[in-house]
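Descriptive analysis of the structure
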Amino acid sequence: MAVVGEELTQTELTREHRREYRRKVQLCLDVFETMLAQSSFDFEKPLTGMEIECNLVDGDYQPAMNNSEVLAAIADPAYQTELGAYNIEFNVPPRRLPGRAALDLEGEVRASLNAAESKANSDGSHIVMVGILPTLMPQHLSGHWMSESTRYQALNDSIFTARGEDIDIDIHGPERLSLQTASIAPESACTSMQLHLQVSPGDFANNWNAAQVLAGPQLALGANSPYFFGHQLWAETRIELFTQATDTRPDELKAQGVRPRVWFGERWITSIFDLFEENVRYFPSLLPELSDEDPVAELAAGRTPALSELRLHNGTIYRWNRPVYDVVGGRPHLRVEKRVLPAGPTVVDMMANAAFYYGALRALSEEDRPLWTKLSFSTAQANFEAAAQYGLDARLYWPRAGEGTPDEVVLRHLLPLADEGLRRWEVAAEVRDRYLGVIEGRAKSGRNGAVWQTAAVAALQGRGMSRPAALAEMLRLNCERMHSNDPVHPWEVPT
């Protein structure tokens, strides 16, 4: 759970404080609107960024609640805490796309993760990239599960104060899971790969709309989270678990149509301002931390305002494609942050997912008659939800093609677009061939991380293993193959 901002400094919040925070958020929104019309945003040489959320396990492949010790051993500011004490996050330095940059990045990410793994080993731990840790069980989240952070504790308390009762987790699937939780601990199970793209104010809407169109096919192709608390649920259970585990709405507010904080959205947009305005209009604050900045005065003085309150508020609304305003080196910029994809199974799989996304996004966002003019928003959302539940077995609607399987959508429509988009990014042919070849192989074989996980567990249970033992052995095999960096689609299932 990435929450924008630093640690909280104000832990006791009065009613006056909350009222002032609301006023300040609205003031920041007004200044942001002015900036979109008048300011010079940094986008001439767009950068991409990546964040990878990882899990920590012990020698038996059970969750290891020791991220503070592991991070101390790694001693690299690129690695940070996440919500769970068994989570860490790796922030990949931003870079441009052209040429062979992606191949260099793959090498750097592998080298960094290998170095981090070696240092984690000194503490008896292993680093795992997977959407949901398969061996995580209820007992692991009953004790010391949360990272030491005032912000995370405040977020947990705010969600339950807003809700007024325990959270229901009820996920239908092959093995339905239903339980109640008195904390947001189940949310910590959701580990993702987040992709960033810096864009101009004028191009933001087209890029965000295109990212929404791509969400369903991408998720079906990249699903890697079929198990939670020992139950086989959705192909990408992480989507529904994240939605339910942070839900501030009791049943009565759901019945009234109040929007969830984990949100696909409800319409195509014409400006990034649409999204920030919706966030302010629809969602009460969870972490009302006030800054000393006067954004009006900063802008009037010719400086770039941080808009801290607006950014913090935006960071507690979990759109699957999130708008981001940030300031680097005194220059403001805008990013589309894609939160759809799970972590893993390998670095090459994640690089392939990223290349496919950036290429298809470029081509779709630049079409003369955009695809979203031929696709209703509700259909894009239905594609996303079907992909999360059924993965490569989903049925997706695609303009001009009608209803089909994800492999048909990817092979016939999106792979050629992705290749063309990467050409426009001036990405080298060997890079396009390597990563789009992985996507093609996954689509043709019908095997992604979720398919391999469920097939492996079924095979291991067929040998007579219990479900917990099969999950642990599957995870061990997963980690072995993760380090080989061979893409998931040719992985053999244990016999």
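Predicted, not measured: the structure shown is a model, and the values here were computed from it. (Residues numbered from 1 in each chain as written. Predicted model: local features only at pLDDT ≥ 70, side-chain atom pairs only at ≥ 80, totals over all residues. Heavy atoms only, no water.)

With that out of the way, let us pick up the overall build of the protein chain. Secondary structure assignment for the protein chain yields 16 helices and 15 strands. Each principal axis of the C-alpha atoms in the protein chain carries an extent, and together these give about 70 × 50 × 45 Å. Nonlocal contacts in the protein chain, meaning residues at least 24 apart in sequence, comprise 77% of its contacts between residues at least 6 apart. When the accessible surface of the protein chain is totalled, it reaches about 18900 Å², and 47% of it is carbon and sulfur. Charge-centre separation for the protein chain: the mean point of 47 positive side chains lies 4 Å from the mean point of 67 negative side chains. (Helix = DSSP H or I, 4+ residues; strand = E, 2+ residues; numbered from the N terminus. Contact = heavy atoms within 4.5 Å. Areas by Shrake-Rupley, 256 points an atom, 1.4 Å probe, with all protein chains shown as cover. Lys, Arg positive; Asp, Glu negative; His and termini not counted. Charge placed at Lys NZ, Arg CZ, Asp CG, Glu CD.)

Scanning the entire structure with this criterion turns up 15 aromatic pairs. Centroid distance Phe 264 to Phe 377: 5.4 Å. Interplanar angle 55°. Geometry classified as tilted. One end of the pair, Phe 264, is in the loop between β10 (262-263) and α8 (272-282); the other, Phe 377, is in helix α12 (residues 377-390), and 113 residues separate them in sequence. Taking the relative accessible area as the measure of exposure, Phe 264 reaches 5% and is therefore buried. Centroid distance Trp 320 to Phe 384: 5.8 Å. Interplanar angle 50°. Geometry classified as tilted. Taken as a pair, Trp 320 in the loop between β11 (318-319) and β12 (321-328) and Phe 384 in helix α12 lie far apart in primary sequence, 64 residues in all. A relative accessible area of 5% places Trp 320 in the buried class. (Phe/Tyr/Trp six-rings, centres within 6.5 Å; stacked < 30°, edge-to-face > 60°. Buried < 20%, exposed > 50% of the residue type's maximum accessible area, 1.4 Å probe, protein only.)

This brings us to the pattern of salt bridges. According to the stated counting rule, one finds 32 salt bridges in the structure shown. With a shortest N-O distance of 4.0 Å, Lys 254 and Asp 251 are connected by a salt bridge. Here the residue Lys 254 and the residue Asp 251 both occupy positions in helix α7 (residues 251-255), the gap between them amounting to 3 residues, near one helical turn. Residue class for Lys 254 comes out partly exposed when judged on its relative accessible area of 35%. Arg 281 is the salt-bridge partner of Glu 277, the closest N and O atoms lying 3.5 Å from each other. Of the two residues, Glu 277 and Arg 281 both sit in helix α8, 4 residues apart, roughly one turn of that helix. Among the residues examined, Glu 277 registers a relative accessible area of 27% and is labelled partly exposed. Look at the salt bridges and you will find they share partners, linking Asp 247, Arg 249, Asp 251 and Lys 254 into a network. (Salt bridge = Lys/Arg side-chain N within 4 Å of Asp/Glu carboxyl O.)

Attention now goes to α12. With 14 residues, α12 extends 20 Å between its outermost C-alpha atoms, agreeing within 8% with the 20 Å of an ideal straight helix rising 1.5 Å per residue. Where α12 terminates, the next one or two residues include Gly 391, which has phi positive at roughly 60°. (Expected span 1.5 Å × (residues − 1).)

For the rest of this paragraph, the subject is the pairing of strand β5 (residues 167-171). Only one face of β5 is buried: it carries Ile 167, Ile 169 and Ile 171, and the other face, with Asp 168 and Asp 170, is open. Inspection of the sheet shows β5 paired to strand β6 (residues 177-181) by 5 bridges, in the antiparallel sense. Within β6, the position partnered with Ile 171 by the bridge is Leu 177. Between β5 and β6, which follow one another and run antiparallel, lie 5 residues. (Pairing = 2+ DSSP bridges.)

Each pair of packed helices gets described by two things: the angle between the helix axes and the distance between those axes. Interaxial distance between helix α5 (residues 201-222) and helix α13 (residues 406-424) falls to 9 Å at its minimum, and their mutual angle equals 120°. Crossing angle aside, the handedness with which α5 passes α13 is left-handed. Residues Leu 214, Pro 217, Ala 220 and Leu 221 of α5 touch α13, and the partners they reach there are Pro 406, Val 409, Val 410 and Leu 414. Residue composition of the contact of α5 with α13, grouped by class: 8 nonpolar, no polar and no charged. (Axes fitted to C-alpha atoms, helices over the stretch in contact; angles between N-to-C directions. Left-handed = near helix turned anticlockwise from the far one by under 90°. Nonpolar A, V, L, I, M, F, W, Y, C, P; charged D, E, K, R; others polar.)

For the peptide bond that leads from Gly 344 to Pro 345, omega is -5°, which places it in the cis range. Inspection of the secondary structure puts Pro 345 in the loop between β13 (331-338) and α11 (347-365). Notably, Tyr 61 is not glycine yet its phi reads approximately 65°, a positive angle. In this structure, Tyr 61 sits in the loop between β1 (48-57) and α2 (67-74). Tyr 61 gets classed as buried once you look at its relative accessible area, which sits at 15%.

On average, the protein chain scores 93 in pLDDT, and the residues at 70 or more come to 97%. pLDDT under 50 marks residues 1-5. Its contacts with residues more than four places away, or in other chains, come to 30 contacts. (pLDDT = per-residue confidence, 0-100.)

Position of Ala 355 among the secondary structure elements: in helix α11. For Ala 355, a relative accessible area of 11% gives the class buried. Sequence spacing of Ala 355 and Ile 439 is 84 residues, and the spatial spacing of their C-alpha atoms is 9.4 Å. Excluding anything up to four places from it in sequence, Ala 355 contacts Leu 422 and Tyr 435.

With that settled, consider the side chain of Lys 338. Here Lys 338 lies in strand β13. Here Lys 338 occupies a buried position and makes no salt bridge, while the nearest side chain of opposite charge, Glu 337, is found at 11 Å. Within the structure, the side chain of Lys 338 is placed 3.4 Å from the side chain of Gln 218, a separation counted as a polar contact. Those residues in contact with Lys 338 that lie beyond four places of it in its chain are Met 193, Gln 194, Leu 195, Ala 211, Ala 215, Gln 218, Trp 320, Asn 321 and Tyr 357. (Polar contact = N/O pair within 3.5 Å; in protein donor to acceptor, adjacent residues only side chain to side chain.)

Looking now at helix α4 (residues 150-163). Over its 14 residues, α4 extends 20 Å from the first C-alpha to the last, a length consistent with the 20 Å expected when each residue adds 1.5 Å. Residues Arg 151, Tyr 152, Ala 154, Leu 155, Asn 156, Ser 158, Ile 159, Phe 160 and Arg 163 constitute the buried set of α4. The secondary structure elements touched by the buried residues of α4 are β2 (79-81), β5, β6, α10 (308-314) and β11. For α4, the N-terminal cap is Ser 149; the gap from its side-chain oxygen to the backbone nitrogen of Tyr 152 is 3.2 Å.

Bringing the packing of α5 against α12 into the picture now. Close contact between α5 and α12 brings their axes to 7 Å; oriented N to C, the two are set at 30°. With respect to each other, α5 and α12 are oriented roughly parallel. Relative to α12, α5 is oriented so that their crossing is left-handed. Contacts between α5 and α12 involve Trp 208, Gln 212, Ala 215, Gly 216, Leu 219 and Ala 220 from the former and Phe 377, Ala 380, Asn 383, Phe 384, Ala 387 and Ala 388 from the latter. The residue makeup of the contact of α5 with α12, split by class, is 9 nonpolar, 3 polar and no charged. (Parallel < 35°, antiparallel > 145°, perpendicular 65-115°, else oblique.)

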